[in-house]
Amino acid sequence: MTAIDPSPNHLQLTRGGQLRHFLTLDGLNRELLTDILDTADSFIEVGERSIKKVPLLRGRTVVNLFFESSTRTRSTFELAAKRLSADVLNLDISTSATSKGESLSDTLLNLEAMASDMFVVRHSQSGAPHFIAESVTPGVAIINAGDGRHAHPTQAMLDMLTIRQHKRSFAGLKVAIVGDILHSRVARSQIRALNELGAEEVRVIAPGTLLPRDVEDLGCTVEYDMIRGMRDLDVVIMLRLQKERMEGALLPSEREFYRLYGLNQDKLALAKPDCIVMHPGPINRGVEIESAVADGPQSVILNQVTNGIAIRMAVMSMAMGGQMAERQQKQMEREGGRA
Amino acid sequence: MKAGSQDKSLKITGGTLFDGTGTESDNPGLLIKEGKIVAMGADALSAEVDQQYDASGYVIAPGFIDLCCNLREPGNGQKGNIASETLAAAHGGFTTVCASPETSPVNDSSAVTHLIRDGASSRGSVRVLPIGAITRGLEGELLSDLAGLKNAGCVAVGNGSRGIKNARIMRRCMAYARTFGLTVMFSPENQALAADGYAHDGQVTTRLGLLGIPEVAETAAVMEMLLLAEETGVKLHLSQLSSGRSVEMVAAARQRGVKVTADVAMHQLCFTEEALAGFDSRYHVRPPLRSEADRQALVAGVQAGVIDAIVSQHQPHDTAAKQAPLPATEPGLSSIESVLSLGLELVESGELSRQRLLTALTEGPGRIVGLSPEITCGAVADLCIFNPAASWQPSEQTLVSTGKHAPLVERKLSGKVELTLVAGRPVWVDSH
């Protein structure tokens, strides 16, 4: 009896199926995800040029709206926008407007008045980019750079790009995500992407306190025991553990977590010999992963960082392309109506 | 006929009469004088009157009684006031609303109760029955002056949507209310288990990364309250149940003699957790919308009579309260104008009988606050006349409530209130 269309696609896709915003991977099909990966592939070589720029967003203004701090994600978005020749404005909102009592809606109105074309949004509340996408004037693209526990779609896509580079195809892959699934926006997006792209099995490995209710509904299997969970893996993705998880009786201690769920060489040896090790960073060495593994030959953690720029270039250029196509379509419809 | 015209005799002909006891029959004719039904049948039809109303094709029911309505007065004028929200209630077919104690200041003293009653008598369109705060400031710690609240006109006491600090204080609240024969109305929620959540802990919260309120936050509280009510002998009313297991526990407690009644908000009967899947803040309510299985169990609970009343849980808000990312918005929806239409959709889908719907809007809540809404000779003429076949489309412009965040704005609804009478006075007349 719900009166609304709860699917995210009405918001983030144009009628022609192009990206208008990039808010979540929910509802995006394999073809579109593959398109993002292919586009990102084509941008990798831009970073290898002496002049690292293409003119796709020349004359466009991209605003990095970070309501919670994240040096790495913001830097890669900034670099990606600049490599696309956009003008970039970085705003650390957590220490400015909203802390003075201004509402998010008012902040947006002010920024829109500066004729911005794209907002890259990082927010501690799930759904904030959706709210912004519904609030802004048509024509302004919203890119989700991580919201609450909900989604971090560009991080998931750069992980997919990294996996594809090392494994060529997703078919038959067994992937495990280890650690704090409950609070992880990255894990939700990764599970969605891996399922859509055709991975054989997505496994989550965590204690019961760090798993969301009915997590299997996301499309994964659950394993509480990491020794069992590491068997036959092609990819293991370690998640960052926040220090505050020891409070509120989620975990007894970092020491126990590392003993049970930390990735060391012994546990990694249980996976396939060519299993790659991933981590969205920043790493807590000795909590989630031991240094010998983080810096070892199976680690692709630095590849993930490099791929982050290419993925963000791909998503930004595709969303801007979708916005332009939609504008042209509406213009044609108006002119057709007048004729 | 115009709203507000008073002291005129009125004859209502035609239509189907729902007499408040659960039966429907053809209207034999109703004659209303000086606020009361004075004749039915041939005597009514032959009477000379000032005004006549043809209700052919309509249903004539006792005016609806709402056990949970937030009028926002005193305090929060930007969200609504007695005048605006009681007029909205009249549009929804309600002739009596129980005013939540969650006002500013909180209704925890006879002075505030008098303020509400005075405002209602001077500016209200419908009857307003205040619910007193059982604890001072609704803080859940210190008892309010319950004797004073009762003498001032509070028909029951409760803690609004807020919890009581611990079971020991809860037990004392019940024992003290029992002293005065006051019904206690509690929304069952274990605060520690609900913590900072704002959505049902289920499939949608898992997918969207929203902070969940588990079902056990309600069921643990229901069980605790039922046991304490059994021990203290108080009349317990459980407000706004949201889970199927709560319905089972109420039924079992009643079987063993616990004096317990229960209500459910209409939106809990119609929507599920899926309504939040698009981060739509209009559906951010507390208790949260739960699973489809819970929704079905709640509807079955109403149909079986385990749940006595359907309430609006009307919570008007200003725009700013809902214009933010979902977790930052305030819970509650503007609902009182669309309760009947939503209920009729359940009737149309075969989930609920019209008799049970109307009983849960009239006799059920009336019994809990000491009213007997009936259509008989001598009864006060509080009536709702609606056209079950008509449709309407609420919009921000046509909604009377200050709160415009109704879930059904711009959606075609069936069943339209045509005339609402309070003590024989038309307080809402549809002119179309």
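Here, the structure is the one placed above.
Residues numbered from 1 in each chain as written. Chains lettered and ligands numbered in written order. Predicted model: local features only at pLDDT ≥ 70, side-chain atom pairs only at ≥ 80, totals over all residues. Heavy atoms only, no water.

Undergrad: How do you make sense of the overall build of chain A when you look at a structure like this?
TA: Looking only at helices and strands, one finds 12 helices and 9 strands in chain A. Its C-alpha radius of gyration of 20 Å places chain A within 12% of the 20 Å reference for a compact globule of 339 residues. Total accessible area on chain A stands at roughly 14200 Å², and carbon and sulfur atoms take up 49% of it. Averaging the locations of the 39 positively and 42 negatively charged side chains of chain A gives two centres separated by 3 Å. (Helix = DSSP H or I, 4+ residues; strand = E, 2+ residues; numbered from the N terminus. Rg over C-alpha atoms; globule rule 2.2 N^0.38 Å. Areas by Shrake-Rupley, 256 points an atom, 1.4 Å probe, with all protein chains shown as cover. Lys, Arg positive; Asp, Glu negative; His and termini not counted. Charge placed at Lys NZ, Arg CZ, Asp CG, Glu CD.)

Undergrad: Can you walk me through the overall build of chain B in this structure?
TA: Looking only at helices and strands, chain B features 15 helices and 20 strands. The C-alpha atoms of chain B give a radius of gyration of 21 Å, which matches the 22 Å a tight globule of 432 residues would have. Taken along its principal axes, the extent of the C-alpha atoms in chain B is 65 × 45 × 45 Å. Of all 432 residues assigned to chain B, the portion counted as buried reaches 62%. (Buried < 20%, exposed > 50% of the residue type's maximum accessible area, 1.4 Å probe, protein only.)

Undergrad: What exactly am I supposed to notice about the pairing of strand 8 (residues 64-69) of chain B here?
TA: Two faces, one strand: in a regular strand the side chains alternate between the faces of the sheet. All names here are of chain B. For strand 8, a buried count of 6 out of 6 residues is recorded, marking the element as mostly surrounded by other parts of the structure. Inspection of the sheet shows strand 8 paired to strand 9 (residues 94-99) by 4 bridges, in the parallel sense. Each residue of the ladder has a partner; that of Cys-69, found in strand 9, is Ala-99. The β-α-β motif built from strand 8, the intervening helix 2 (residues 82-91) and the parallel element strand 9 has right-handed crossover chirality. (Pairing = 2+ DSSP bridges. Right-handed = clockwise from strand over helix to strand, strands pointing away.)

Undergrad: Just checking my understanding: could you explain the sheet that holds strand 19 (residues 413-422) of chain B for this structure?
TA: What holds strands together in a sheet is hydrogen bonding between their backbones, with the strands either parallel or antiparallel. Residues and elements named next belong to chain B. Pairing is mixed in the open sheet, where 6 strands are placed in the order 3-2-7-18-19-20. One side of each edge strand has no neighbouring strand; the edge strands of this open sheet are strand 3 (24-26) and strand 20 (425-429). The sheet shows a mean angle of 30° between the axes of neighbouring strands, direction not considered. Each of strand 19 and strand 20 is contacted by helix 2, which is oriented at about 80° to strand 20, the strand it contacts most. (Axes fitted to C-alpha atoms, helices over the stretch in contact; angles between N-to-C directions. Contact = heavy atoms within 4.5 Å.)

Undergrad: Just checking my understanding: could you explain the pairing of strand 3 (residues 118-123) of chain A for this structure?
TA: All names here are of chain A. Counting buried positions over the 6 residues of strand 3 gives 6, a clear majority of the element. Where strand 1 (residues 61-66) and strand 3 come together, 5 bridges link them in parallel fashion. Across the sheet, residue Asn-64 finds its bridge partner in strand 3, namely Val-120. Bridge count for strand 3 against strand 4 (residues 141-147) is 5 bridges, and the pairing is parallel. Paired with Val-121 across the bridge in strand 4 is Asn-144. Handedness of the crossover joining strand 3 and strand 4 through helix 5 (residues 128-135): right-handed.

Undergrad: Got a minute to help me understand the pattern of salt bridges in this structure?
TA: Side chains carrying opposite charge are able to pair once their charged atoms draw close together. Residues and elements named next belong to chain B. The full count for this structure, using the stated rule, is 39 salt bridges over all chains. Residues Lys-416 and Asp-430 are paired through a salt bridge, measuring 2.9 Å at the closest nitrogen-oxygen approach. Here Asp-430 lies in the segment after strand 20 and Lys-416 lies in strand 19, a separation of 14 residues in the sequence. (Salt bridge = Lys/Arg side-chain N within 4 Å of Asp/Glu carboxyl O.)

Undergrad: It is not clear to me how the sheet that holds strand 1 of chain A should be interpreted in this structure. Could you clarify?
TA: Residue and element names in this part refer to chain A. Ordered in space as 2-1-3-4, the 4 strands form an open sheet in which the pairing is parallel. Strands with a single pairing partner mark the edges of an open sheet, and in this sheet they are strand 2 (87-92) and strand 4. Averaged over all pairs of adjacent strands, the angle between their axes in this sheet comes to 15°, without regard to strand direction.

Undergrad: Please clarify how a positive patch on the surface should be interpreted in this entry.
TA: Residues and elements named next belong to chain B. A surface patch of like charges, here positive, comprises Lys-150, Arg-178, Lys-235 and Lys-259. With respect to the element layout, Lys-150 can be found in helix 4 (residues 146-152). The class for Lys-150 is partly exposed, based on a relative accessible area of 40%. (Patch = residues over 30% accessible without salt bridge, like charges linked within 9 Å, V, L, I, M, F, W, Y side chains within 5 Å.)

Undergrad: Looking at this structure, I do not really get the interface of chain B and chain A. What am I missing?
TA: Interface size, as often reported, equals the accessible area lost upon joining of the parts. Taken together, the 30 residues of chain B in the interface contact 25 residues of chain A. Buried area between chain B and chain A, both sides added, is near 2300 Å², and the carbon and sulfur share of it is 60%. Of all residues in chain B, B:Thr206, B:Phe279 and B:Pro325 bury the most surface against chain A, accounting for 27% of the area lost on that side. In this assembly, chain B and chain A are joined by 0 salt bridges. The tally of links from chain B across to chain A stands at 5 residue pairs in polar contact (both at pLDDT 80 or more). Elements supplying a minimum of two residues to the side of chain B that touches chain A: helix 7 (203-208) and helix 13 (339-348) of chain B. With 5 residues, helix 7 of chain B is the largest single contributor of residues to the side of chain B that touches chain A. Taken together, the residues of the side of chain B that touches chain A sort by class into 16 nonpolar, 7 polar and 7 charged. (Buried area = accessible area lost by both parts, 1.4 Å probe. Polar contact = N/O pair within 3.5 Å; in protein donor to acceptor, adjacent residues only side chain to side chain. Nonpolar A, V, L, I, M, F, W, Y, C, P; charged D, E, K, R; others polar.)

Undergrad: Before we go on, may I ask you to explain the side chain of A:Glu223 in this structure?
TA: All names here are of chain A. Within the element layout of this structure, Glu-223 appears in strand 7 (residues 221-223). Polar side-chain contacts of Glu-223 include one of 3.2 Å to the side chain of Arg-228. Contact partners of Glu-223, with chain neighbours within four places excluded, come to Arg-203, Val-204, Ile-205, Ala-206, Arg-228 and Gly-229.

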